[in-house]
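Fold and contact review
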2 protein chains.
Amino acid sequence: MQRILSSQLTAHVRETVTIAGWIHRRRLLKAVAFLIVRDAEGLSQVVVTEPAARTQLEELTEETVVEVVATVTPNEQAPGGVELTEPKIRVLSGVAAPLPFELHRPAIGAALPTQLDHAALALRHPTRRSALRIAAAATAGFRAALTEQRFVEIQTPKIVASATESGANVFELDYFGRPGYLAQSPQFYKQLMVGVFERVFEVGPVFRAEPSDTVRHLAQYTSLDAEMGFIADHRDVMAMLTRTLSGMMAAAAPFAEVPPVPSEIPAVHFTEALRIAGAPADEPDLAPAHERALGEWALREHGSEFVYVTGYPMRKRPFYTHPDPARPAYSNGFDLLFRGLEIVTGGQRLHRWTDYVEALTRAGEPLEPYAGYLDGFRYGMPPHGGWAIGLERFVARLTGTANVREVTAFPRDLNRITP
Amino acid sequence: MQRILSSQLTAHVRETVTIAGWIHRRRLLKAVAFLIVRDAEGLSQVVVTEPAARTQLEELTEETVVEVVATVTPNEQAPGGVELTEPKIRVLSGVAAPLPFELHRPAIGAALPTQLDHAALALRHPTRRSALRIAAAATAGFRAALTEQRFVEIQTPKIVASATESGANVFELDYFGRPGYLAQSPQFYKQLMVGVFERVFEVGPVFRAEPSDTVRHLAQYTSLDAEMGFIADHRDVMAMLTRTLSGMMAAAAPFAEVPPVPSEIPAVHFTEALRIAGAPADEPDLAPAHERALGEWALREHGSEFVYVTGYPMRKRPFYTHPDPARPAYSNGFDLLFRGLEIVTGGQRLHRWTDYVEALTRAGEPLEPYAGYLDGFRYGMPPHGGWAIGLERFVARLTGTANVREVTAFPRDLNRITP
């Protein structure tokens, strides 16, 4: 008999059906026992009264995989208005060790390190599973919004010959006997691909050898990158990002409470942002407390959970950043804050080969490590810009989760390389 | 004035428009000059007669990025039936070095290594760009087909504590002072995630330290992975793969000539495949010549460009492969051949913890390196299976390209880590 899902039960009232899933919980009362089976779509309640089935159930443990053939019976008190009666239970796969924590409570009782040690089990908990489903939906929304705007998906190298974003925080590997590095971003490649498709995006892993153990850093995270050519300046990029963000939220809406994305997200220049945050005018960057203050300001003044900060000082942005032509000490780079935390960095990039040579020379950097990257700029690149969204930070912020590890399937950090 | 694309010209006949793109080609005739501008959508022909514009054009070189304001004029002899006249040409970005090869001929004249050295330029050629667009479309089709079938997208670690597929061909890296390895596949993680979502997929990079330099191996390639639970055996996986492949072909159809995917792809058991290929009955695996013979057989006998080979001998498949219960020396693993080349490997996996322990012990492998992976199988995993499609091989086979490097944006191999 074809298996049906828990969500389909109500369409089969009084029929005999087959369901399958994990034993989520057993409740062994005196006269009756309840078996709650969890599948991809939710929970089913199975009522066990027959003595042999009761004995069988008493010997099983939570997370055993079972197939249940039973009758769908209406019961207003059951979740979903139906329960399964007169079950025949068959074990598909047993449990070989005591569970390190229970999955049927509102939150997992164990400490986070224990959860991460047993990630394959912890991720079955509804809250953990939900975060990953939101991530999947938001990612699909990202792609759909950009595909609609003529962006083409690319896949780029994760092993590179020299560090990209900076010399620090890079993983080194043995590449057929010579040194290689894990890419800290697809930055250079997505820029080069503007020369091919004008508009490109990539969803992929990026690697940062973060030496510090914080709630918002991972050694590997998923970066949602986009880059577009033929822009006037960074404001074209921000408009496209706003539209994309709106698509991501719409896609995530069936799985999460999402805030409205204003059609025009408030934007403040860095110098103004310092003033709003009450920071000294000579601060070179925004501290976390400043970001929080800006988030509060945007909500209070504009009713927006998002705020752009534009015009970051050139000296705090990477060498490929395009300066503001009117105020060259400031950049055409921006950050997007969501509920007071930076989740996107973007901006306009340099597009002329001579500007790159000059920028690297001024920074005292040798040209040689960037030769392969710079080569593409010799052959005509239009004005362009783009952004990178940190997926895990985005989901953590959206779901109100303090630690990005709780919304990552198998996180990697300073202390963790397993499971 | 808002820029329009080459594909939109015919909707603006006799209007003044702005286009922008790369100088694809100049033809400087005696009385007239033609400027062909390339943008994301195609080519536009600009007619230059005015002496000052002619002089300007003579000084520009191919690949210069220009903006052209001109009048759209019907001309039956022009490509698309329109050309641009009375142009004003503005340079957006110049060319800083002579081009190493021309882009306006049907094929790039330079040898492949030269093309790869200047990949950012070579990828602008219509044939190279087309292959990447096909890859993007097929990938979108893969995701759409699986999402429709309740698969959830996942992102898994690319840095792991021990080699996954085998001890060989793995890249080692320095992970905060201890050894780490680049994942050769998301195999273990996608299996563990069956315990969470029942059905999952991942599109991501995988890494193989291939010591040999062939036309079909890369050190990094894009793997289209899927895994599904609650199957009867590998045939459920094959049926889902066939459906997915059909979705990929439909998505690629606007950009490539795609073969029909039979609703039931012919499948032959390994022992039968040897007989068809004229190989000795004791061969443990299929050689490339055998695969080609099977491809020819499937086309001849079944009119199919695809053929499944099932039941590979257990001793040639990885330890997680599920044996055929009726003939335990053979597996429930399969390959899919496309035009005589293996592009997919899949099968049913072991799902019981005790079976894993036994399989590893029998293979003489220590359990310890697999501890994190095996832990998930202690807590109830349903019968499951899945597959991995090599995206670059798939596109190479679809487009009739001999070398996978020609359909990869910035390939990585034994000898190449740049650009």
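Residues numbered from 1 in each chain as written. Chains lettered and ligands numbered in written order. Predicted model: local features only at pLDDT ≥ 70, side-chain atom pairs only at ≥ 80, totals over all residues. Heavy atoms only, no water.

Helix and strand counts for chain A stand at eleven helices and 18 strands. Projected onto its principal axes, the C-alpha coordinates of chain A cover approximately 85 × 55 × 40 Å. The buried share among the 419 residues of chain A stands at 59%. Counted over contacts in chain A with a minimum sequence separation of 6, partners at least 24 positions apart contribute 63%. Carbon and sulfur atoms make up 51% of the accessible area of chain A, which amounts to about 16400 Å² in all. Of the side-chain charges in chain A, 42 are positive and 48 negative, and the distance between the mean point of each set is 2 Å. (Helix = DSSP H or I, 4+ residues; strand = E, 2+ residues; numbered from the N terminus. Buried < 20%, exposed > 50% of the residue type's maximum accessible area, 1.4 Å probe, protein only. Contact = heavy atoms within 4.5 Å. Areas by Shrake-Rupley, 256 points an atom, 1.4 Å probe, with all protein chains shown as cover. Lys, Arg positive; Asp, Glu negative; His and termini not counted. Charge placed at Lys NZ, Arg CZ, Asp CG, Glu CD.)

Residues and elements named next belong to chain B. If you trace the eight strands from one edge of the open sheet to the other, you get β6-β10-β11-β18-β17-β16-β13-β12, paired in mixed fashion. Each of the sheet's edge strands pairs with one partner strand only, and the pair in question is β6 (152–153) and β12 (267–269). Looking at chain direction, strand β17 (residues 341–349) and strand β18 (residues 384–390) are connected through six bridges and run antiparallel. Note on β18: the bridge partner recorded for Gln348 is Gly385. Across the sheet, helix α6 (residues 234–252) is in contact with β10 (199–207), β11 (220–229), β12, β13 (306–310), β16 (333–338), β17 and β18; its angle to β18 comes to roughly 35°. Taken strand by strand, helix α8 (residues 288–302) contacts β12, β13, β16 and β17, and its axis lies near 125° from that of β13. (Pairing = 2+ DSSP bridges. Axes fitted to C-alpha atoms, helices over the stretch in contact; angles between N-to-C directions.)

What follows concerns the relation of the copies chain A and chain B. Both copies of the chain are related through a single rotation about an axis accompanied by a shift along the same axis. The two copies are related by a screw motion: chain A maps onto chain B through a turn of 180° and a shift of 0.0 Å along the axis, at an RMSD of 0.0 Å. In short, the pair behaves as if placed about a two-fold rotation axis. By C-alpha distance to the rotation axis, the residue of chain A lying nearest is Leu173 of chain A, at 2.0 Å. The overlap is high: 100% of the interface residues of chain A also sit at the interface in chain B, so the same surface is used on both sides. (Least-squares fit on C-alpha atoms with pLDDT ≥ 70 in both.)

The subject of this paragraph is the interface of chain A and chain B. The interface of chain A with chain B comprises 92 residues on the first partner and 92 residues on the second. Summed over both sides, the interface between chain A and chain B buries roughly 7600 Å², with carbon and sulfur atoms accounting for 64% of that surface. When the buried surface of chain A facing chain B is broken down by residue, Phe176, Tyr379 and Ile417 of chain A rank first, second and third, together holding 10% of it. For the pair chain A and chain B, the number of links is four salt bridges. Among the salt bridges present, the one from Glu198 of chain B reaches Arg3 of chain A, with a minimum N-O distance of 2.8 Å. At the junction of chain A with chain B, the criterion picks out 42 residue pairs in polar contact (both at pLDDT 80 or more). Per-element tally for the side of chain A that touches chain B: the top contributor is helix α5 (residues 187–197) of chain A, with seven residues. Here the side of chain A that touches chain B is built from residues that sort into 51 nonpolar, 17 polar and 24 charged. (Buried area = accessible area lost by both parts, 1.4 Å probe. Salt bridge = Lys/Arg side-chain N within 4 Å of Asp/Glu carboxyl O. Polar contact = N/O pair within 3.5 Å; in protein donor to acceptor, adjacent residues only side chain to side chain. Nonpolar A, V, L, I, M, F, W, Y, C, P; charged D, E, K, R; others polar.)

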